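One letter stands for each residue in the lines below.
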Amino acid sequence: MQNVISGAECPECAAEIYVDADARASEIIECTDCRSELEITSVRPPVLSLAPEVEEDWGE
Amino acid sequence: MQNVISGAECPECAAEIYVDADARASEIIECTDCRSELEITSVRPPVLSLAPEVEEDWGE
Amino acid sequence: MKRVAVIGGSGYIGGELLRLLTAHPGVELAAATSRRLGGRLIDGVHPNLRGRTSLAFVDEDKLEHYDALFLATPHRETMLRMPEFLARAEVVIDLSADFRLGCADTYADYYGVPHAAPELVETFVPGIPEFHRTRLRTADRISVPGCMANAGILALTPLAQAGLIEGEVAVDARTGSSGAGNTAGPANLHAERSGALRVFAPTRHRHEAEIAQATGLPVRMTATGVEAVRGVQLLARANVTGEATERRIRAAYRAVYRDEPFVRIVAHRKGLHRFPDAKILSGSNFCDVGFAIDPGSPQVTVISALDNLVKGGAGNAVQCMNIRLGLPEREGLEFTGLHPN
Amino acid sequence: MKRVAVIGGSGYIGGELLRLLTAHPGVELAAATSRRLGGRLIDGVHPNLRGRTSLAFVDEDKLEHYDALFLATPHRETMLRMPEFLARAEVVIDLSADFRLGCADTYADYYGVPHAAPELVETFVPGIPEFHRTRLRTADRISVPGCMANAGILALTPLAQAGLIEGEVAVDARTGSSGAGNTAGPANLHAERSGALRVFAPTRHRHEAEIAQATGLPVRMTATGVEAVRGVQLLARANVTGEATERRIRAAYRAVYRDEPFVRIVAHRKGLHRFPDAKILSGSNFCDVGFAIDPGSPQVTVISALDNLVKGGAGNAVQCMNIRLGLPEREGLEFTGLHPN
Amino acid sequence: MKRVAVIGGSGYIGGELLRLLTAHPGVELAAATSRRLGGRLIDGVHPNLRGRTSLAFVDEDKLEHYDALFLATPHRETMLRMPEFLARAEVVIDLSADFRLGCADTYADYYGVPHAAPELVETFVPGIPEFHRTRLRTADRISVPGCMANAGILALTPLAQAGLIEGEVAVDARTGSSGAGNTAGPANLHAERSGALRVFAPTRHRHEAEIAQATGLPVRMTATGVEAVRGVQLLARANVTGEATERRIRAAYRAVYRDEPFVRIVAHRKGLHRFPDAKILSGSNFCDVGFAIDPGSPQVTVISALDNLVKGGAGNAVQCMNIRLGLPEREGLEFTGLHPN
Amino acid sequence: MKRVAVIGGSGYIGGELLRLLTAHPGVELAAATSRRLGGRLIDGVHPNLRGRTSLAFVDEDKLEHYDALFLATPHRETMLRMPEFLARAEVVIDLSADFRLGCADTYADYYGVPHAAPELVETFVPGIPEFHRTRLRTADRISVPGCMANAGILALTPLAQAGLIEGEVAVDARTGSSGAGNTAGPANLHAERSGALRVFAPTRHRHEAEIAQATGLPVRMTATGVEAVRGVQLLARANVTGEATERRIRAAYRAVYRDEPFVRIVAHRKGLHRFPDAKILSGSNFCDVGFAIDPGSPQVTVISALDNLVKGGAGNAVQCMNIRLGLPEREGLEFTGLHPN
Ligand SMILES: NC(=O)c1ccc[n+]([C@@H]2O[C@H](COP(=O)([O-])OP(=O)(O)OC[C@H]3O[C@@H](n4cnc5c(N)ncnc54)[C@H](OP(=O)(O)O)[C@@H]3O)[C@@H](O)[C@H]2O)c1
Ligand SMILES: NC(=O)c1ccc[n+]([C@@H]2O[C@H](COP(=O)([O-])OP(=O)(O)OC[C@H]3O[C@@H](n4cnc5c(N)ncnc54)[C@H](OP(=O)(O)O)[C@@H]3O)[C@@H](O)[C@H]2O)c1
Ligand SMILES: NC(=O)c1ccc[n+]([C@@H]2O[C@H](COP(=O)([O-])OP(=O)(O)OC[C@H]3O[C@@H](n4cnc5c(N)ncnc54)[C@H](OP(=O)(O)O)[C@@H]3O)[C@@H](O)[C@H]2O)c1
Ligand SMILES: NC(=O)c1ccc[n+]([C@@H]2O[C@H](COP(=O)([O-])OP(=O)(O)OC[C@H]3O[C@@H](n4cnc5c(N)ncnc54)[C@H](OP(=O)(O)O)[C@@H]3O)[C@@H](O)[C@H]2O)c1
Ligand SMILES: [Zn+2]
Ligand SMILES: [Zn+2]
């Protein structure tokens, strides 16, 4: 794996999330476990918050 | 491959057929290429003839 | 190289074993039996093996002694012949249902006949690597779980072990047609089975007993045949002890499956593929396990899926063999699965 | 002859209404609207109607006044336009979800938006002939239940009314792809949807609220998309008050459905077709209802099936129309269903 | 009311006849035989008939004399018993292949056995209303064409009669699994047949002889089993005499089919449903016929589709019956077909 | 280790390339692009890759220089961007249709637009290992044939090269829905596409031009969408020069394919699987080729089948890459295929 910073946690499911070392605050990344969209609130130390969700309609 | 005798030919499709060294005359084997049922007429030298076919009905 | 053989090689589980074993770099497939097709090329009934093997089925009297012997023979018949089979190999891996249930009464209850060899049952180790890996390393007799049973065991055991479930578990299983083997009859005639939603076991499906035994939970199970050749999906509901939160449930699964090579946790918030679906698992040895919480409800809904012929049978058996023979556990089982499919 | 019209005639429910109404001897199909396809022949999108009608879709501004008007338009949008629709016909039969739930809060909770016309909701009579036939005879506003909801309501109401159920009911629904309508998107792309076992609602499917309201029972519902174009099958589990015997359950169903034209009790001991299966119901207006008892258990397993576009939608709506307009209740709905299919 | 009966009522064609005849307002279904299921309710094997009839199968020795008798029995066996059948009814309508081919040598060639009753063959009128309606009005013996044969005959005869075809016609047929009847065997096991593209007749399918006889054209035919329960689609290619223009071809079809109740010309420039597709024909008595021209090529590509059990069998037979018994030709055959399906 | 990348990684061919390349022991998948999904995990749209890779899609501006670059982008658009792509890699392997046809007029004729980079076309070597292996060893630009085209080329070239065919070849292709890519629209909506027998190209399918070019034979081609996600089957008819005997035809195939790793001759006298069927080829890189002779007729019927995403696309492309990069030709392509499936 490239240059990543560990220590962030998904606020939804507590997965450990690796943030790219060259990421910037306000970038959106996905949680690998629950696939929530997470906003990088801070890079050092890495802090994540839940990004606003676009509703998906699973209809049927 | 185990002990086999080569040189026989499928009378239907000309595939080269390998006959087990311990096969006996009148045994039925399958042609690997066209899947005809072949009767071993002679083992040494190996000679094969087409075995009588059981009709298959592919219906529909 | 280890030499292995398959009894009942002409059936669907037999064929799947042949697919996996002919491509397995660590073993030599030495023989596959069929009572009906002795002498015929095995790719005649398993056309996917064309070009992969020139093996023909052998009659049972041609059998030798093997490092491992797989039994892909029907339940109720396998137990009658187990003593002969045990004499033929170092390790016997049984895919039938006959040596899965520890209690002979339960067997009689679910299979309708008394067990023919009750004294042998406890000599078998369950073929469930996720929970019996250590014992499997030295097991000479392995009994692989049923296809739906395995989907249920892998879905529920982590929660049961973590003490997260209370009361009865309601299990609803859906299965493809290959689960019933390749004997033609009115029930699996294409025109009847195609597109069916056939509740063939509204209560008391046999795999209920296996899940209950493995998890220690009271289980009620229904089973429905759905349009598919391969594939099992299982949906279970249970009450959660304490608060039913995503974190507690997910933590229990993570703790158990973090390093498992063939179990994936699939419970996503978005996307088209949020929960386990057998559609993408055909041919692969994965069991996908997921769950959902209904905020405000004390229940958890658990979903799992696998290919009945692979992680639900032949693949799982090969995984057990790998463990027992000291081969890399994933060897011969790396196929990814297809999408779309 | 009564003159009827369909709003949203280009969709799947709209098309099914057109199929039934063009062949109905007691009414004249006077108009079908489409916003996209005004002026185009209706058999362009509904090719089964070739040779059956030469009607073209009309724009809404061409609408006149009708004896009955069917609304086959999306939920959330139908409520916005209900006042206009009500002005257009003696009887309005709404197939959308907007006027099914009596409680505006429940609507908001399940549909994610506040109700736009809460004052109108109670003016609608539920389009469930089996339980509201008398009111339907004079109802000017009819709200037809959802496809899975109707399967659940018909399966559970007789037991609920007989006081045979206690505690929560767990409902597991399976549905074909036409239930999602004809708007193309990633979720119903053939390569993705084909062969899927997609748990699209692991908890809280919207029809849960309808079943709970109609039966008075607490309900938890999951829904899975299965390989089928048409068809819903529903499997429910509940605890029985008192002894769970076949006789008590069957008696409850018989008492309610003995003379119903479109509900059949299917719970057989043998045969290939022991329980309801949507496979044989395509095109027919039947809802089949069955059940099973697990001796020694306090539970009943209830199974029902229907064609979502017919008894789960357009057929049921036509049945309501027949009742309301004084036509024979079965008229135009006699198609038997196909086997094999 | 005319009294009719069905021999071989337990099979797929038999079941389809029962579906149509129980719902037919102009006749009374008096008896349906089965050698295996005498005394059993007919809705046991034909579950779609639940609630529609309480008839049970009868043994053949219970047969009386009928206005019309349908034979839904296998080829090669029907001819052996034809004399008995002829004695049982005013009109015999045979759905087997045994009395379709005028030439006994051709029969022997395609069916592998000599014909057992060659003297009877010419006493049968072909059950093809589109080309033998007048003779059918008074025919006491009717031999209905094969399912793929009828699709071919209806597709090609108008062009043949108009002298538009020269040289050999290449016919490629695709068929669903119900075309093979309901006897279970390896070939129609769901897991094998599902999703198959099985070229079961790469050359010389039996229906080739029927199409050649009816059209007078030299025909070469292949047949492939595709994923479907019902449905036949046929694609044919031929060289056109003179200029191959859409106008000439369409005119030939129009001239013949303009007033036919059950043949539709489907050859559109746009839309999703430009050519005949069996998918929307399930249960209906339509045969859709279309064609395409490749500008600059001397060929025409002809496409037709039907439901093998309806216009390819039972429905066509009922249409013949209607003609013969003086009933309205469409009676009992009005089902529109489903979309989507 | 060689570093490779995929443009258009979010599509169906892109996803199949990712499946094969992530599991390929001889190369490192360095990047996959998507314009829509940059930054998203690739297993979001390709759920089969869960646990196999943690790669995310990248925007094109993140691309570096690679040993090999695969283009899984649409025709008509790929040619516009080819110069940029060529600058990005040692070897470019194009899966689009844009550089397959040697003649710019033919391209314009079949694709409806003039070619944007006609001067580049002849710099591409056809990605057909069976007939261009030597040139592929050093080719820097490879253009892989279309899915149906490849099935046709592999089926017909041996006969054409042996001079066994005279006159026009009639090709009839059947294809699954993944052949159309993953853009949702009315044509591939599940409810419409499921169970369809849709003649979407009654004449002049685009792959006709590719087959004609590769074989030198005049070809007329039709194409029908059938119920399948993956899979192409092709049936062709041609007149044989000289006597049409099994031996002559089989000898021609044997001579060419005897040592080919991924072409199997399947033309059997008996069994359920006598001819090529795509059903057992899903996920595998085989193309099965078979034929039948009608004794007494001058024609041969040729049948071939493959998985459109593998030997019809991504697998074939990886085979070309293996050849070009000096890797073992079968590497990463050994998957056997499933039966039943
Ligand atoms: N299908 C599944 O998804 C699945 C999953 C897990 C476990 N299993 C278990 O695996 C076993 C095989 O299942 P299957 O689905 O493969 O069934 P199958 O397709 O019916 O195959 C069973 C094979 O066993 C052979 N056989 C039958 N009776 C035998 C006997 N008395 N002695 C020796 N061989 C006999 C038969 O071959 P010949 O007649 O040619 O000798 C037959 O091909 C069963 O116990 C089943 O419960 C199945
Ligand atoms: N599918 C089922 O199984 C089923 C069963 C029971 C009830 N329902 C309900 O029936 C309704 C229709 O469902 P469906 O499956 O037929 O959906 P659909 O296929 O998407 O059709 C809806 C039709 O409504 C029209 N439409 C959309 N928005 C409209 C608006 N604002 N005003 C007027 N017309 C509008 C559209 O036609 P144009 O764009 O051409 O105008 C469209 O064809 C929904 O409320 C659904 O919940 C569906
Ligand atoms: N399937 C089609 O699409 C189709 C279309 C057009 C025409 N046909 C023709 O229709 C006929 C029936 O086809 P099917 O598909 O319905 O076949 P099927 O499902 O196999 O049914 C044939 C029925 O005939 C009965 N039967 C068999 N042998 C008999 C005998 N010697 N005497 C009296 N009854 C006998 C059997 O019933 P019991 O064993 O219960 O007595 C069986 O159910 C065949 O001739 C077929 O070629 C079929
Ligand atoms: N499907 C088959 O069976 C098959 C077989 C052989 C060859 N092919 C050929 O392979 C190519 C891809 O087919 P497919 O079936 O995979 O189609 P697809 O599923 O539609 O995927 C095409 C992908 O290309 C990307 N794309 C579209 N326009 C682009 C552009 N202008 N620049 C860069 N990327 C672009 C899109 O990704 P984003 O929008 O995410 O960027 C899209 O996911 C086509 O040329 C097709 O003819 C297909
Ligand atoms: Zn998370
Ligand atoms: Zn041969």
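Rules and cut-offs
- Residues numbered from 1 in each chain as written.
- Chains lettered and ligands numbered in written order.
- Predicted model: local features only at pLDDT ≥ 70, side-chain atom pairs only at ≥ 80, totals over all residues.
- Heavy atoms only, no water.
- UniProt positions renumbered as here; feature names shortened; annotations may be inferred.
- Contact = heavy atoms within 4.5 Å.
- Donors = N, O, S within 2.8 Å, 3.2 Å for Na, K, Ca; no water.
- Tetrahedral: all angles 85-135°; square planar, octahedral: opposite > 155°, others 65-115°.
- Helix = DSSP H or I, 4+ residues; strand = E, 2+ residues; numbered from the N terminus.
- Buried < 20%, exposed > 50% of the residue type's maximum accessible area, 1.4 Å probe, protein only.
- Near = heavy atom within 4 Å.
- Polar contact = N/O pair within 3.5 Å; in protein donor to acceptor, adjacent residues only side chain to side chain.
- Areas by Shrake-Rupley, 256 points an atom, 1.4 Å probe, with all protein chains shown as cover.
- Nonpolar A, V, L, I, M, F, W, Y, C, P; charged D, E, K, R; others polar.
- Domains from an automatic or database assignment.
- Salt bridge = Lys/Arg side-chain N within 4 Å of Asp/Glu carboxyl O.
- Least-squares fit on C-alpha atoms with pLDDT ≥ 70 in both.
- Pairing = 2+ DSSP bridges.
- Axes fitted to C-alpha atoms, helices over the stretch in contact; angles between N-to-C directions.
- Buried area = accessible area lost by both parts, 1.4 Å probe.

Under the annotation held in an unreviewed UniProt entry, chain C carries the name N-acetyl-gamma-glutamyl-phosphate reductase and is attributed to Luedemannella helvata. The UniProt entry for chain C carries this comment under Pathway (unreviewed entry): "Amino-acid biosynthesis; L-arginine biosynthesis; N(2)-acetyl-L-ornithine from L-glutamate: step 3/4." Under Sequence similarities (unreviewed entry), UniProt gives the following word-for-word description of chain C: "Belongs to the NAGSA dehydrogenase family. Type 1 subfamily."

As recorded in an unreviewed UniProt entry, chain A goes by Lysine biosynthesis protein LysW and comes from Luedemannella helvata.

A. Molecular detail of the arrangement of the chains. Between chain A and chain B there is no contact; the minimum C-alpha to C-alpha separation amounts to 37 Å. Taking C-alpha atoms as the reference, chain B and chain D come no closer than 15 Å and do not contact one another.

B. Fine view of the coordination of the zinc ion (ligand 6). Residues and elements named next belong to chain B. Summarising the metal site, the zinc ion (ligand 6) is bound by the protein donors Cys10 (SG), Cys13 (SG), Cys31 (SG) and Cys34 (SG), whose distances to it range over 2.2 to 2.4 Å. Around the zinc ion (ligand 6) sit four donor atoms; with metal-centred angles ranging over 105 to 111°, the donor geometry is tetrahedral. Within one chain, the residues donating to the zinc ion (ligand 6) are spaced in sequence as C-x2-C-x17-C-x2-C. Separated by 21 residues along the polypeptide, Cys13 in the loop between strand 1 (4-9) and strand 2 (16-20) and Cys34 in the loop between strand 3 (28-30) and strand 4 (37-42) bring together distant segments of the chain. For Cys13, a relative accessible area of 1% translates into the label buried.

C. Quick look at the site of ligand 1. Residue and element names in this part refer to chain C. As a structural note, the neighbourhood of ligand 1 is formed by 27 residues, with Ser10, Ser34, Arg35, Thr73 and Glu77 the closest of them. The side chain of Ser10 places a nitrogen or oxygen atom 2.7 Å from an oxygen atom of ligand 1. With respect to ligand 1, the side chain of Arg36 contributes an N or O atom lying 2.9 Å from an oxygen atom. Notes on ligand 1: free accessible area 890 Å², of which the protein chains cover 90%. Among the secondary structure elements, those contributing two or more residues to the shell around ligand 1 are helix 1 (12-22) and helix 10 (310-325). Residue classes in the shell around ligand 1 are distributed as six nonpolar, 15 polar and six charged. Counting residues domain by domain, the shell around ligand 1 receives three or more from each of domain 1 (2-144 + 313-324) and domain 2 (148-306).

D. The arrangement of the site of ligand 4 in detail. Residue and element names in this part refer to chain F. Around ligand 4 there are 27 residues in total, and Ser10, Ser34, Arg35, Thr73 and Glu77 lie nearest to it. Note that an oxygen atom of ligand 4 is positioned 2.9 Å from one of the side-chain N or O atoms of Arg36. Here a nitrogen atom of ligand 4 and a side-chain polar atom of Glu77 are 2.5 Å apart. Considering ligand 4 on its own, with 890 Å² of exposed area, one finds that the protein chains cover 89% of that surface. Broken down by secondary-structure element, the contributors of at least two residues to the shell around ligand 4 are helix 1 (12-22) and helix 10 (310-325). When its residues are assigned to classes, the shell around ligand 4 shows six nonpolar, 15 polar and six charged. When residues of the shell around ligand 4 are assigned to domains, at least three fall in each of domain 1 (2-144 + 313-324) and domain 2 (148-306).

E. Spatial organisation of the interface of chain F and chain A. Across the contact, six residues belong to chain F and five residues belong to chain A. At the boundary of chain F with chain A, the tally comes to two salt bridges. Among the salt bridges present, the one from Arg40(F) reaches Glu37(A), with a minimum N-O distance of 3.4 Å. The interface formed by chain F and chain A includes three residue pairs in polar contact (both at pLDDT 80 or more). Classifying every residue of the side of chain F that touches chain A gives one nonpolar, three polar and two charged.

F. Layout of the relation of the copies chain C and chain D. Overlaying chain C with chain D gives an RMSD of 0.0 Å, the required rotation being 180° about an axis along which the chain moves by 0.0 Å. Accordingly, the operation relating the two chain copies is best matched by a two-fold axis. Judged by C-alpha distance, Glu227(C) is the residue of chain C that lies nearest the rotation axis, at 3.0 Å. Take the interface residues of chain C: 100% of them recur as interface residues in chain D, which is what a same-surface contact looks like.

G. Structural view of the sheet that holds strand 3 of chain B. Residues and elements named next belong to chain B. Ordered in space as 3-4-5, the three strands form an open sheet in which the pairing is antiparallel. With one partner strand each, in any of the chains shown, strand 3 and strand 5 (47-50) form the two edges of the open sheet. The sheet shows a mean angle of 45° between the axes of neighbouring strands, taken without regard to direction. Pairing of strand 4 with strand 5, which is carried by four bridges, proceeds in the antiparallel orientation. In the sheet register, Ile40 faces strand 5, and the bridge partner there is Leu48.

H. View of the domain arrangement of chain C. All names here are of chain C. According to the domain assignment, chain C consists of domain 1 (2-144 + 313-324) and domain 2 (148-306). Using only C-alpha atoms to locate each centre, domain 1 and domain 2 end up separated by 24 Å. Listed as interface residues are 22 residues of domain 1 and, on the opposing side, 26 residues of domain 2. When the two sides are added together, the surface that domain 1 and domain 2 hide from each other amounts to roughly 1,900 Å², 48% of it contributed by carbon and sulfur. When the buried surface of domain 1 facing domain 2 is broken down by residue, Tyr12, Tyr110 and Phe131 rank first, second and third, together holding 35% of it. The interface formed by domain 1 and domain 2 contains four salt bridges. With a shortest N-O distance of 3.2 Å, Asp109 and Arg204 are connected by a salt bridge. At the surface where domain 1 touches domain 2, the tally comes to 13 residue pairs in polar contact (both at pLDDT 80 or more). Contributions of two or more residues to the side of domain 1 that touches domain 2 are made by helix 1, helix 3 (104-111), helix 5 (129-136) and helix 10. Top element by residues in the side of domain 1 that touches domain 2 is helix 3. It accounts for four residues. For the side of domain 1 that touches domain 2, the per-class residue count stands at seven nonpolar, eight polar and seven charged.

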